[in-house]
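These are the residues of each chain, in order.
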Amino acid sequence: EGSIAVPVGRSFTYFYTAPGPGTYMWHCHFEPVEHIQMGMVGPLLVRPLQDGNDGGGDPFKGKYVFNDGDGSTEYDREYSIFISELDSRPHELLPNVQEFEWTEYKPDYWLMNGRAYPDTLKPNNDPSMPLQPVSSLIRAAAGEKVLLRISNLGYEQHALQMPGISFKVVGKDAKILRGPNGEDRSYWANTLYVKPGTSYDVIFTAPDVAEETTYY
C-alpha cells in the first residue's frame, strides 16, 4: 500500500475501508519491535451492521450482537482487554533505546489496557493515569451478558481465568467460530490461553447475586 512519513509533533489523518467485523489490533510497522514496546499499539474493533449501534431498526430487542448474522451471540455490554508486557530497561535508557539488545528481552511488567495491577482496577479516565485512560475493571448487573474482546500484542502467551464464572468462546482472530456449513463451533471454558498476535471474543453471563459481589 505504500508508506507515509509523519514528522515529529505533527499528525496525519487517513481513511480506509474497514475489514469484516471482529476484534483486530493495530501497531506501528516501522521498527515494530521497539515501537510496540513504546506504546504505538492498541485494539481495533469493527462492529457488524446488525449491531444495535447501527442507528437503524434493531431486530434483536435492543441487544448488541457479535458478528453472527442471526442474533445468537447477543450481549448487553462489552469490554476490551488488551494484553501486553513491558521490559523497563529500554525505557530507562530511552535516549539510547536503540542500543538495547532485544534478544535479551525479559519483561518485568504485565499489562492490561496499558496498566499494571493494581492500577488495572482504577476507573476509566482516572486522573492519576492520564495516558492510560481505559480501565480493565469489568462491571455488570446480575444476569447481563458481557462480551470481552481480548487481544494480545505482547511477546508472551498469557492465560486468563475468571474463577467462579465460565465463559463461551464465540470468536477468534476476528472470525466467528462457525464451520464451513455454518455449524456452531463455539465452546465453554474457564481458562483462555492467548498467544501473541491473537484475539478472542468471549461472552459470559453475570452471576445472579443479591448484592454487589467481586470476582477475580
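Heads up: these notes are all about the structure in this document. (Residues numbered from 1 in each chain as written. Predicted model: local features only at pLDDT ≥ 70, side-chain atom pairs only at ≥ 80, totals over all residues. Heavy atoms only, no water.)

### Here we look at the overall build of the chain
Looking only at helices and strands, the chain features two helices and 13 strands. A burial count over the chain gives 36% of its 216 residues as buried. The contacts of the chain with a sequence gap of at least 6 include a subset with a gap of at least 24, amounting to 61%. When the accessible surface of the chain is summed, it comes to about 13,600 Å², and 54% of that surface belongs to carbon and sulfur atoms. Of the charged side chains in the chain, 18 are positive and 29 negative; the average position of the first set lies 5 Å away from that of the second. (Helix = DSSP H or I, 4+ residues; strand = E, 2+ residues; numbered from the N terminus. Buried < 20%, exposed > 50% of the residue type's maximum accessible area, 1.4 Å probe, protein only. Contact = heavy atoms within 4.5 Å. Areas by Shrake-Rupley, 256 points an atom, 1.4 Å probe, with all protein chains shown as cover. Lys, Arg positive; Asp, Glu negative; His and termini not counted. Charge placed at Lys NZ, Arg CZ, Asp CG, Glu CD.)

### What about the nonpolar core?
Residues Leu148, Ile150, Phe167, Val169, Leu192, Val202 and Phe204 are the most contacted members of the largest nonpolar core, which totals 18 residues. When residues of this core are traced back to their parent elements, those giving at least two are β5 (77-86), β7 (145-152), β9 (167-172), β12 (191-194) and β13 (198-205). Residues within four places of leucine 192 in sequence aside, it is in contact with Ile150, His158, Ala159, Leu160, Phe167, Val169, Tyr187, Tyr200 and Val202. The next biggest cluster of nonpolar side chains, apart from the first, holds six residues, and it includes Phe66, Tyr75, Val170 and Ile203. (Core = buried A, V, L, I, M, F, W, Y, C linked by side-chain atoms within 4.5 Å.)

### Quick word on the pairing of β7
Buried residues dominate β7, accounting for seven of its eight residues. The sheet contact formed by β5 and β7 spans seven bridges and is parallel. When the sheet's bridge partners are listed, tyrosine 79 is paired in β7 with leucine 148. Looking at chain direction, β7 and β13 are connected through eight bridges and run antiparallel. Of the residues in β13, the one forming a bridge with leucine 147 is isoleucine 203. (Pairing = 2+ DSSP bridges.)

### Observations concerning the environment of tyrosine 75
In this structure, tyrosine 75 sits in strand β4 (residues 74-75). Residues tyrosine 75 and glycine 114 lie 39 residues apart in sequence; the distance between their C-alpha atoms is 25 Å. Within the structure, the side chain of tyrosine 75 is placed 3.2 Å from the side chain of glutamate 78, a separation counted as a polar contact. (Polar contact = N/O pair within 3.5 Å; in protein donor to acceptor, adjacent residues only side chain to side chain.)

### Things to note about the packing of aromatic side chains
For the structure on display, the rule yields five aromatic pairs. Look at phenylalanine 12 and tyrosine 14: their rings are 6.4 Å apart centre to centre, the planes differ by 20°, and that puts the pair in the stacked class. By relative accessible area, which is 45% here, phenylalanine 12 ends up partly exposed. For tyrosine 14, a relative accessible area of 56% gives the class exposed. Ring pairs connect the aromatic residues Phe100, Trp102, Tyr105 and Tyr155, which therefore count as one cluster. (Phe/Tyr/Trp six-rings, centres within 6.5 Å; stacked < 30°, edge-to-face > 60°.)

### Quick notes on the side chain of threonine 198
If you trace the backbone, threonine 198 turns up in strand β13. Apart from residues lying up to four places away in sequence, threonine 198 is in contact with Met25, Ile150, Ser151, Asn152, Lys172 and Asp173.

### Describing the pattern of salt bridges
As enumerated under the stated definition, the model contains eight salt bridges in all. For arginine 149, the salt bridge identified is with aspartate 201, shortest N-O distance 3.6 Å. In this pair, arginine 149 sits in strand β7 while aspartate 201 sits in strand β13, placing the two residues 52 residues apart along the sequence. Classification of aspartate 201 as buried rests on a relative accessible area of 0%. Overlapping salt bridges bring together Arg47, Glu78, Arg149 and Asp201 as one network. (Salt bridge = Lys/Arg side-chain N within 4 Å of Asp/Glu carboxyl O.)

### Remarks on the environment of isoleucine 203
Note that isoleucine 203 resides in strand β13. Linking isoleucine 203 and arginine 139, residues 64 residues apart in sequence, is a C-alpha distance of 14 Å. Not counting residues within four places of it along the chain, the set of residues in contact with isoleucine 203 comprises Thr73, Glu74, Lys145, Val146, Leu147, Phe167, Lys168 and Val170.

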